[in-house]
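# Examining the three-dimensional arrangement
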Amino acid sequence: ESPLHGDTKVTFTVSPAEAATKADIADGTNVDILHWEIYDENLTTLLGKNSVGKTSDKTFTVDLSLVADQKYKIIFWAEVKDKGHYVTDDLRKVGINYTDVNGDPLKANKEERAAFFRVYPFSTENGEPINEDVEIYRPFSQLNLGATTLTTSLNQVNGGQIEVVST
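Residues numbered from 1 in each chain as written. Predicted model: local features only at pLDDT ≥ 70, side-chain atom pairs only at ≥ 80, totals over all residues. Heavy atoms only, no water.

### What about the overall build of the protein chain?
When helices and strands are counted, the protein chain shows 2 helices and 9 strands. When the helices and strands of the protein chain are placed in sequence order, the string is β-β-β-β-β-β-β-α-β-β-α. Classification of the 167 residues of the protein chain by burial places 34% in the buried group. Long-range contacts, defined here as pairs at least 24 residues apart, represent 70% of the contacts in the protein chain between residues at least 6 apart. Accessible surface for the protein chain amounts to roughly 10300 Å². Of this, 47% is attributable to carbon and sulfur atoms. (Helix = DSSP H or I, 4+ residues; strand = E, 2+ residues; numbered from the N terminus. Buried < 20%, exposed > 50% of the residue type's maximum accessible area, 1.4 Å probe, protein only. Contact = heavy atoms within 4.5 Å. Areas by Shrake-Rupley, 256 points an atom, 1.4 Å probe, with all protein chains shown as cover.)

### Digging into the packing of aromatic side chains
Tallied over the entire structure, the rule returns 6 aromatic pairs. Between F12 and Y120 the ring centres are 5.8 Å apart and the planes differ by 80°, which places this aromatic pair in the edge-to-face class. Placement of the pair is F12 in strand 1 (residues 8–16) and Y120 in strand 8 (residues 115–124), with a sequence separation of 108 residues. Judged by relative accessible area, which is 0%, F12 ranks as buried. (Phe/Tyr/Trp six-rings, centres within 6.5 Å; stacked < 30°, edge-to-face > 60°.)

### So, the sheet that holds strand 1
Taken in spatial order, the 3 strands make up an open sheet running 4-1-9, and their pairing is mixed. Either end of the sheet is taken by a strand with one partner, and the two such strands are strand 4 (60–66) and strand 9 (130–136). Going from strand to strand, the sheet's axes swing by 20° on average, the running direction of each strand aside. Where strand 1 and strand 4 come together, 7 bridges link them in antiparallel fashion. Of the residues in strand 4, the one forming a bridge with F12 is V62. (Pairing = 2+ DSSP bridges. Axes fitted to C-alpha atoms, helices over the stretch in contact; angles between N-to-C directions.)

### Some points on the confidence of the model for the protein chain
Detail in the predicted coordinates should be disregarded across regions flagged by low pLDDT. The pLDDT averaged across the protein chain works out to 81; a share of 74% of its residues lies at or above 70. Low pLDDT, under 50, characterises residues 20–25; the stretch is placed with 10 contacts to residues that sit more than four places away or in other chains. (pLDDT = per-residue confidence, 0-100.)

### Focus on a nonpolar patch on the surface
A cluster of nonpolar side chains, I96, Y98 and F140, forms an exposed patch at the surface whose accessible area comes to about 290 Å². Following the sequence through the fold, I96 ends up in strand 7 (residues 95–96). (Patch = residues over 30% accessible without salt bridge, like charges linked within 9 Å, V, L, I, M, F, W, Y side chains within 5 Å. Salt bridge = Lys/Arg side-chain N within 4 Å of Asp/Glu carboxyl O.)

### Focus: the sheet that holds strand 8
The sheet built from 4 strands is open, its strands ordered 3-2-5-8 with antiparallel pairing. Pairing within the sheet leaves two strands with one partner each, and these edge strands are strand 3 (46–53) and strand 8. Averaged over all adjacent pairs, the angle separating strand axes in this sheet is 15°, with direction ignored.

### With respect to the nonpolar core
Across soluble globular proteins, nonpolar side chains show a tendency to be buried alongside one another. Counting 24 residues, the largest nonpolar core has F12, I38, L64, I74, F76 and F122 as the members making the most contacts within it. If you list the elements that add at least two residues to this core, you get strand 1, strand 2 (33–40), strand 4, strand 5 (70–79), strand 8 and strand 9. Apart from residues lying up to four places away in sequence, F12 is in contact with F60, T61, V62, L64, I74, F76, Y120, F122, E132 and V134. Of all hydrophobic cores here, the second largest spans 6 residues; its members include Y39, W77, Y86 and A115. (Core = buried A, V, L, I, M, F, W, Y, C linked by side-chain atoms within 4.5 Å.)

See below:
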């Protein structure tokens, strides 16, 4: 029997994280489709996938019935529907389509390119229902350094040594 036809009811309420927004106008309200794929705990075996529309201004609801006492990972990807900016056939390796940009950075920064992402591990224990709120985050980051000269700027930051650390 498929792990997606079990006796454990699982509900995810998925929404863009508040801290992940760029500004009030880029708060995630424009993303209107959430793709999801569920895998075993090692992300090797795809167990199911689907897409859902928004259930409110910023949230999506994913309802599943799964086999109890298993470990899973579910991948969420939210974007603006039908724009073709991302290739989401396999959410473990989303592709980006820039064919419409034609070298214009302003086109690449349009809010219709907004996207949010998360790999979320969870377990179904004893068949107990699961109701989880899941925040998804922007998958892309941008760092802008502004200075009159790069040498001056580097000397002002950590004695000329810039170190980027992921937490």
